[in-house]
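# Structure at a glance
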Amino acid sequence: MTSNDLAILTNNRQEVFQYAVIAGVQEVADQRGFSVTVAEIPQPLDDIARLPLKPQAFAGILAISNVLPAEMLETLSRTGMPLTLVSHCTGSSLPSITHDNQQGMALLMEHLVTVCERSKLAFICGDSKQNDGLQREAAFRQEAMRYALDIPESHFLPGDFEPNKAANSLKAFLATSPDIDGIVSADYLMGIAALEILSRTGHTVPADVAVVGFGDGPEADEAGLTTVAADVVELGRRAARQLIGQLGGLSIRGQTLLSTQLVRRQSTG
Amino acid sequence: MKAQQESAAPKVNMNIQKATHEQLKRHNRQLVLRAVYGGLANSRAALAQATGLAKPTVSSLIGDLLEEGLLTERGRGPSTGSGGKRPRLLEFMPAARQVIGISINQARASGVLSNLAGEISARHSLHLSAGENDPANIADIGIVQDVVNGLIAQLDAPLLCIGVGVPGTVDTSSGIVRQSRQLGWSNLPLATQLTARYEIPVYVGNSTELCALAQFAFGTNGESAPRNLVTVLVDHGVEVGVTLEGGSYHSGGDISNLHLLAAGSRPNHQRLDSLFNWEAIRSRVQELREVYPGSSLPDCDLSFMHIRYCATKGDSAALELCDELSARLAMVISWVIGLLQPETISLAGPIADLGEAFLERVAEETAQLLAPVALSASFSLAYSPNLGALGAVALVLQKELAIL
């Protein structure tokens with residue numbers, strides 16, 4: 001390993017989110033003359049000695065989502081190892097980067113409630129063990145209060161960022177004939193799954209139910225899903241920039257939040 | 001007679017200095033940029049007419065600005081009546097440079113990375129830990145640098161300038177923080193220190209002034225910008241920022257130390273910051289929950305948004321709290337209006353999450369206090385969590401490019 005080698009720690013390099021982040025990191029690393037080693041970390045990891053790589057062999061480390069416990073990250077940081085956390089929730093001031101989940105959810109809700117005039121909403125949740133899942137649900141609840149919307153707990157549907165799980169949750173929910181006119185999905189792939197289920201169960205989108213999702217990709221465009229664009233490959237690129245900036249001598253603490261933009265499509269009219 | 005006239009001649013201050021060539025060029029460059037940015041003129045001939053500058057001067061300045069990428073040529077306009085060549089049209093390029101705006105208070109330092117149109121591509125924030133937020137410990141500017149560095153790592157275009165908003169009294173011309181009670185800074189040459197570190201211009205202002213400037217520069221929640229605006233920022237203290245005719249009025253208005261007479265059977269004076277700080281509000285919520293046991297106000301994770309939501313649903317504890325807060329704010333604002341007669345009063349800080357119904361209440365109570373003098377000021381809420389940092393961006397655009 002050379003001093004130009006960056007390590008990426010992840011719990012599953014093939015999952016959609018992690019895969020896209022890694023692609024973005026790799027792109028910037030290639031441009032700037034760094035090599036990248038991806039290490040999958042067995043979960044849960046209770047001893048830093050069990051890491052499948054030697055941190056000191058690397059110039060810097062990127063940790064994706066909650067791959068390592070907070071204490072271990074702090075230990076690594078104290079060794080002087082440049083570290084960047086991607087969509088990670090530690091409550092500390094370690095350098096991290098994520099999409100601005102609060103801003104994105106505010107855009108989605110403003111569009112759905114004030115423009116599309118929807119008020120009877122359901123929310124398809126992300127993975128509550130992941131930073132993005134937690135933040136998007138919290139932001140949705142906050143925005144619901146802003147518009148004085150009463151959203152029963154039964155309208156919070158498990159999804160875990162898995163389209164099949166989201167589809168099954170929604171199908172079961174719709175079978176109870178709930179009074180809803182809008183669905184907010186914590187990511188766009190679950191949102192696309194929601195569109196399919198609504199179509200199969202005879203609901204017209206957006207006339208009966210408007211649907212919005214967080215994050216964007218070509219599939220969202222094809223499906224006609226209104227989203228807030230939160231490019232995950234770009235997240236990876238900027239995470240690499242943050243880490244490489246530290247290697248260049250920038251002292252960074254705190255969290256970088258990347259802005260999102262509303263992309264209006266047919267699912268909201 | 002002539003001798004008497006000579007002895008009666010007024011004394012002239014001979015310290016007036018002739019503008020240097022560089023200063024003149026900078027001034028003229030700003031004239032041209034402002035004209036294009038503001039849509040006043042978009043061709044060389046029109047710019048010469050709009051600015052009063054000679055055509056060769058305008059052409060030379062535009063050449064420089066095209067080379068720097070701040071302007072671009074975009075097609076041709078219609079020819080003039082005399083049948084001359086169709087002029088090449090010029091367009092301002094906000095993506096040509098980026099600006100960092102930082103706002104710091106006792107709890108956090110936050111910053112935005114923006115293009116020259118105020119469009120934010122990234123934010124960076126650092127929450128200060130329990131030990132860090134002690135004024136005795138915010139002694140150095142490392143906290144500001146950590147946030148600046150976080151944004152420098154995300155630059156997509158050359159960095160033009162850095163703007164910083166701080167609570168307290170700031171000498172904007174020198175960038176010296178004269179006194180910041182919240183941060184424990186006194187006579188800190190913040191602009192000089194940051195300029196030495198980053199080798200680019202740095203501008204510093206009072207954060208509440210900058211909140212007002214942000215609203216002037218970028219509008220208030222999508223509406224057109226008022227030229228005379230007072231912002232009352234309620235966060236860790238109570239501060240007043242004034243923008244008159246699009247410029248900051250003075251160097252900081254921290255009124256947290258002022259006392260308010262609280263009405264009651266035994267009137268007592270209380271400092272504004274002790275009435276409006278979050279610990280005081282949380283403590284009052286606890287008291288009201290005991291008075292109204294059926295209240296839906298949460299025990300933990302309380303926020304202004306919760307208070308707003310519960311008040312909307314008719315929760316008695318939330319309504320009583322909103323009544324108390326609106327009455328106190330009205331007392332502060334009535335003095336501000338009486339003294340400054342602004343067009344608009346805007347309420348900023350986390351308290352803005354209490355929403356429009358709360359603001360209407362504040363306006364009603366203020367009107368009662370000011371009667372029989374008619375209330376002419378309009379009220380607005382400044383929701384954005386980035387307002388201070390955006391204001392720092394506006395300060396940079398005003399000082400460096402004069403396009404605001």
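Rules and cut-offs
Residues numbered from 1 in each chain as written. Chains lettered and ligands numbered in written order. Predicted model: local features only at pLDDT ≥ 70, side-chain atom pairs only at ≥ 80, totals over all residues. Heavy atoms only, no water. Helix = DSSP H or I, 4+ residues; strand = E, 2+ residues; numbered from the N terminus. Buried < 20%, exposed > 50% of the residue type's maximum accessible area, 1.4 Å probe, protein only. Contact = heavy atoms within 4.5 Å. Pairing = 2+ DSSP bridges. Axes fitted to C-alpha atoms, helices over the stretch in contact; angles between N-to-C directions. Core = buried A, V, L, I, M, F, W, Y, C linked by side-chain atoms within 4.5 Å. Phe/Tyr/Trp six-rings, centres within 6.5 Å; stacked < 30°, edge-to-face > 60°. Lys NZ or Arg CZ within 6 Å of the ring centre and 35° of its normal. Buried area = accessible area lost by both parts, 1.4 Å probe. Salt bridge = Lys/Arg side-chain N within 4 Å of Asp/Glu carboxyl O. Right-handed = clockwise from strand over helix to strand, strands pointing away. Patch = residues over 30% accessible without salt bridge, like charges linked within 9 Å, V, L, I, M, F, W, Y side chains within 5 Å. Areas by Shrake-Rupley, 256 points an atom, 1.4 Å probe, with all protein chains shown as cover. pLDDT = per-residue confidence, 0-100. Disulfide = S-S within 2.5 Å. Parallel < 35°, antiparallel > 145°, perpendicular 65-115°, else oblique. Left-handed = near helix turned anticlockwise from the far one by under 90°. Lys, Arg positive; Asp, Glu negative; His and termini not counted. Polar contact = N/O pair within 3.5 Å; in protein donor to acceptor, adjacent residues only side chain to side chain.

## Digging into the overall build of chain B
When its secondary structure is counted, chain B shows 13 helices and 17 strands. For chain B, with 404 residues in total, the buried portion stands at 50%. Sequence-distant contacts, at least 24 apart, represent 61% of the contacts inside chain B between residues at least 6 apart.

## Here we look at the sheet that holds strand 9 (residues 185-188) of chain B
All names here are of chain B. If you trace the three strands from one edge of the open sheet to the other, you get 7-8-9, paired in antiparallel fashion. Looking at strand neighbours, the two that pair on one side only are strand 7 (169-171) and strand 9, the edges of this open sheet. Adjacent strand axes in the sheet meet at a mean angle of 20° when their direction is disregarded. As judged from the three bridges shared by strand 7 and strand 8 (residues 176-180), these two strands associate in the antiparallel manner.

## Quick look at the nonpolar core
Ranked by size, the top nonpolar core spans 52 residues in total, and within it I162, V164, V166, W185 and L190 of chain B carry the most contacts. Not counting chain neighbours up to four residues away, the residues in contact with I162 of chain B comprise I100, V148, Y198, I200, P201, V202, Y203 and V396 of chain B. Counting residues in each nonpolar core, the second largest holds 44 residues, with M109, V184, Y188 and A210 of chain A among its members.

## Considerations on the sheet that holds strand 12 (residues 261-263) of chain A
All names here are of chain A. Taking strand neighbours across the sheet as the criterion, the six strands line up as 7-6-8-9-10-12 in an open arrangement whose pairing is mixed. Edge strands, defined here as strands with exactly one partner in the open sheet, are strand 7 (156-157) and strand 12. By the bridge criterion, two bridges tie strand 6 (residues 121-124) to strand 7 in an arrangement that is parallel. Its bridge partner being in strand 7, I124 is matched across the sheet by L157. Of the strands in this sheet, strand 6, strand 7, strand 8 (182-185) and strand 9 (210-214) touch helix 4 (residues 131-146), which is tilted by about 170° from strand 6.

## What to know about the packing of aromatic side chains
Residues and elements named next belong to chain A. In this structure the tally under the stated criterion is five aromatic pairs over all chains. Ring pairing ties together the aromatic residues F123, F140 and F156, which thus form one cluster. Seen from the ring of F214, R136 lies directly overhead, with NZ or CZ sitting 3.9 Å from the centre. If you follow R141 out to its NZ or CZ, it ends over the ring of F156, 3.8 Å from the centre.

## A few points about the interface of chain A and chain B
Across the boundary between the two partners, chain A contributes 22 residues, which contact 27 residues of chain B. Of all residues in chain A, M145, R146 and R253 of chain A give up the largest surface area on contact with chain B, accounting jointly for 30% of the area buried on that side. Here chain A and chain B share six salt bridges between them. Salt-bridge contacts for D146 of chain B lead to R253 of chain A; the nearest nitrogen and oxygen are separated by 2.7 Å.

## A few points about the pairing of strand 6 of chain A
All names here are of chain A. Covered by surrounding structure in strand 6 are L121 and F123 together with A122 and I124, the residues of both alternating faces. Relative to strand 8, strand 6 runs parallel, the two sharing four bridges. Residue pairing in the sheet places F123 in a bridge with V184 of strand 8. The handedness of the strand 6 to strand 7 crossover, carried by helix 4, is right-handed.

## With respect to a nonpolar patch on the surface
Residue and element names in this part refer to chain B. Together, W335, L339 and L340 make up an exposed nonpolar region whose accessible area comes to about 370 Å². Tracing the chain through its elements places L340 in helix 11 (residues 316-340). On the basis of relative accessibility, which here comes to 31%, the residue L340 falls in the partly exposed class.

## Digging into the pairing of strand 9 of chain A
Residue and element names in this part refer to chain A. Burial analysis of strand 9 places five of its five residues in the buried class, the great majority of the element. Looking at chain direction, strand 8 and strand 9 are connected through four bridges and run parallel. By the bridge assignment, I183 is partnered in strand 9 with V211. Relative to strand 10 (residues 226-229), strand 9 runs parallel, the two being bridged by three bridges.

## Some thoughts on the confidence of the model for chain B
Residues and elements named next belong to chain B. Considering every residue of chain B, the mean pLDDT works out to 84; 85% of them sit at 70 or more. The least confident element of chain B, judged by mean pLDDT, is helix 1 (residues 2-7) at 44; the most confident is helix 10 (residues 304-312) at 96. For residues 1-7, every residue scores under 50 in pLDDT, and the model assigns this stretch zero contacts once sequence neighbours within four places are set aside. We note a pTM of 0.85 for the whole complex and an ipTM of 0.87 for its interfaces.

## With respect to the state of the cysteines
Residues and elements named next belong to chain B. Inspection of every chain in the model, using the stated rule, returns zero disulfides over all chains. Residue C211 stays outside any disulfide, its sulfur separated by 20 Å from that of C161, the closest cysteine. Classification of C211 by relative accessible area gives buried; the value is 5%. Not engaged in a disulfide, the cysteine C310 finds its nearest cysteine sulfur in C322; these two sulfurs lie 9.6 Å apart.

## As for the packing of helix 3 (residues 101-115) of chain A against helix 4 of chain A
All names here are of chain A. At a minimum axis distance of 9 Å, the contact between helix 3 and helix 4 shows a crossing angle of 45°. It follows that helix 3 is oblique to helix 4 by the angle criterion. For the element pair helix 3 and helix 4, the recorded crossing hand is right-handed. Facing N101, Q102, M105, A106 and M109 of helix 3, the residues of helix 4 in contact are D132, Q135, R136, A139, F140, Q142, E143 and A144.

## So, the side chain of D187 of chain A
Residues and elements named next belong to chain A. In this structure, D187 sits in the loop between strand 8 and helix 6 (188-200). Notably, D187 is buried but unbridged: the nearest opposite-charge side chain belongs to R136, and the N-O separation is 6.0 Å. Of the polar contacts made by the side chain of D187, one reaches the backbone nitrogen of L189; its length is 3.3 Å. Looking at D187, its side chain comes within polar contact range of the main-chain nitrogen of M190, at 2.8 Å.

## Points about the environment of E15 of chain A
Residues and elements named next belong to chain A. Structurally, the position occupied by E15 is in the loop between strand 1 (5-10) and helix 1 (16-32). Given the relative accessible area of 37%, E15 is considered partly exposed. Separated by 175 residues in the primary sequence, E15 and M190 place their C-alpha atoms 14 Å from one another.

## Examining the environment of S121 of chain B
Considering the arrangement of structural elements, one finds S121 of chain B in strand 5 (residues 120-127). When the C-alpha atoms of S121 of chain B and D156 of chain B are compared, they prove to be 9.2 Å apart, with 35 residues separating the residues in sequence. For S121 of chain B, the residues in contact, after removing those within four places along its chain, are L257, L258 and S259 of chain A together with Q98 and L113 of chain B.

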